[in-house]
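Structural description and commentary
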Amino acid sequence: MKLTVRKAAEAIKKGGIVAFPTETVYGLGADAFNPEAVRKTFALKGRPSDNPLIVHISGLHQLDKLVKTKPNYFNKLTKSFWPGPLTIVLEKQPSVPDVVTGGLSTVAVRMPDHPLALDLIEQTGPLTAPSANKSGRPSPTSPEHLIHDYGDKIDYVDGGPCRIGLESTVVDLTDDQPIILRDGAITGKMIMKQCGIEVAESITQSSLDAPKSPGIKYTHYKPDAIVRWHSNSDKPSPNTVWLIHSNDIAEEGDQIIRFDGDFDRMARQLYDEFRRADLLGYNEIAIEPLPSPDHHPLISALENRISKAIHQ
Ligand code: TXA
Ligand code: MG
């Protein structure tokens, strides 16, 4: 059911779960200090309990009860990128329930850049919010996607489509140097440029055995249709949707989705195209290989999400 922010806050304070919009994707919100409510989030999503949740805050005043020491560059980083699509991992306060962090000694925190989310969290206090999809499915970027995954069982705040469309960058600050655990709209280069902070390489598939970010090892972002990279010898087939970003490919047709070099739009629409392909009964989604990450800040995140949809 669609709820106002005030009704959503009331429901959450009573231990309920309400999906809400952020600038990245919709989150499934619960009171971060109510272990029972947080446990219900895992059950509703079908999420493994060792995959920790991000705690969302509306202001820096909520940080002290969540994290212990912060590195000296913390203020620079949050001044530049909060509110925004940057999730920060720090040592947690003992009062943060273990169910939130999957038993880890660290907690991931982010201040979302969305007026409805900030208004909601200001009324409820910190909220855990995994992406609101059923586990393994593409993250929801509109209320229609929520209904697609949960039917009419879900309560949500309607913010329309999300502005970015891919999940936040996750950066671990517990080592000497920040390490990016998940690529998103904020890149290591942007952090270097705006704050002068050197960021370590992203954690890649090679660290699957002992991932710092447990979510790395699980299936993600998958539609029912098979996702693959487009090859030059492909010819349009009635069963395949093409996602094309360059002007090099001449074919035209209903199932050819063009982004014309607009990678912001490609990121914003990616999961919607995945879900649309399923709804329309396509068997396959062929995506034109992406240019190098230097080309646009969202290329690394796009590459990461598409590769995961292909390989798992
Ligand atoms: O954009 C986003 O981040 C969205 C919106 C709703 O804020 N949320 C989101 O949450 O994508 P979720 O649960 O789908 O992904 C959280 C990621 C997972 O890969 C998880 O393993 C990682 O963050 N994570 C959470 N807590 C962590 C921790 N303490 N240490 C390392 N990684 C952590
Ligand atoms: Mg997720």
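Let me begin by describing the structure that accompanies this report.

Conventions adopted
- Residues numbered from 1 in each chain as written.
- Chains lettered and ligands numbered in written order.
- Predicted model: local features only at pLDDT ≥ 70, side-chain atom pairs only at ≥ 80, totals over all residues.
- Heavy atoms only, no water.
- Pairing = 2+ DSSP bridges.
- Helix = DSSP H or I, 4+ residues; strand = E, 2+ residues; numbered from the N terminus.
- Axes fitted to C-alpha atoms, helices over the stretch in contact; angles between N-to-C directions.
- Contact = heavy atoms within 4.5 Å.
- Salt bridge = Lys/Arg side-chain N within 4 Å of Asp/Glu carboxyl O.
- Buried < 20%, exposed > 50% of the residue type's maximum accessible area, 1.4 Å probe, protein only.
- Parallel < 35°, antiparallel > 145°, perpendicular 65-115°, else oblique.
- Left-handed = near helix turned anticlockwise from the far one by under 90°.
- Nonpolar A, V, L, I, M, F, W, Y, C, P; charged D, E, K, R; others polar.
- Expected span 1.5 Å × (residues − 1).
- Bend = angle between axes of the 7 residues up to and from the residue.
- Polar contact = N/O pair within 3.5 Å; in protein donor to acceptor, adjacent residues only side chain to side chain.

1. A short note on the sheet that holds strand S9 (residues 226-229)
- Overall, parallel pairing links the four strands, which are arranged S9-S12-S10-S11 in an open sheet. The outermost strands of the open sheet, each flanked by one partner alone, are S9 and strand S11 (256-258). Recorded for the sheet is a direction-independent mean angle of 20 degrees between the axes of neighbouring strands.
- Note: S9 against strand S12 (residues 284-287), four bridges, orientation parallel. Bridge pairing links Val-227 to Ile-285 in S12.
- Running at roughly 160 degrees to S12, helix H8 (residues 263-279) makes contact with S9, strand S10 (240-244), S11 and S12 of the sheet.

2. Some words on the pattern of salt bridges
- A full pass over the atoms with the stated rule returns 20 salt bridges.
- For the salt bridge of Glu-23 with Arg-110, the shortest nitrogen-to-oxygen distance reads 2.9 Å. Highlighted residues: Glu-23 in the loop between strand S1 (18-20) and strand S2 (27-31) and Arg-110 in strand S5 (residues 106-110), separated in sequence by 87 residues.
- Note on Arg-110: relative accessible area 2%, which makes it buried.

3. Quick look at the environment of Thr-141
- When you line up the elements, Thr-141 lands in the loop between strand S6 (127-128) and helix H6 (143-150).
- Considering only alpha carbons, one finds Thr-141 and Arg-47, 94 residues apart in sequence, at a separation of 19 Å.
- When near neighbours in sequence (up to four residues on either side) are disregarded, Thr-141 contacts Thr-24, Val-25, Tyr-26, Gly-160, Pro-161, Cys-162, Gly-165, Arg-268, Tyr-271 and Asp-272.

4. With respect to the packing of H6 against H8
- For the pair H6 and H8, interaxial distance at closest approach is 11 Å and the crossing angle is 50 degrees. For the element pair H6 / H8, the angle class is oblique. As for how H6 packs across H8, the hand of that crossing is left-handed. For the pair formed by H6 and H8, the contact residues are His-145, His-148 and Asp-149 on the first element and Asp-272, Arg-275 and Leu-279 on the second.
- Counted by class, the contact of H6 with H8 contains one nonpolar, two polar and three charged residues.

5. Things to note about H8
- Here H8 contains 17 residues, and its C-alpha end-to-end distance of 24 Å stays within 8% of the 24 Å for a straight helix at 1.5 Å per residue.
- The largest bend along H8 reaches roughly 45 degrees and is located at Gln-269.
- Looking at H8, one finds that the buried residues are Phe-263, Met-266, Ala-267, Leu-270, Tyr-271, Glu-273, Phe-274, Arg-275, Ala-277 and Asp-278.
- Residues of H8 that are buried sit in contact with H6, S9, S10, S11, S12 and helix H9 (299-311).
- Here H8 starts with a cap whose side-chain oxygen sits 3.3 Å from the backbone nitrogen of Asp-264, and that cap is Asp-262.

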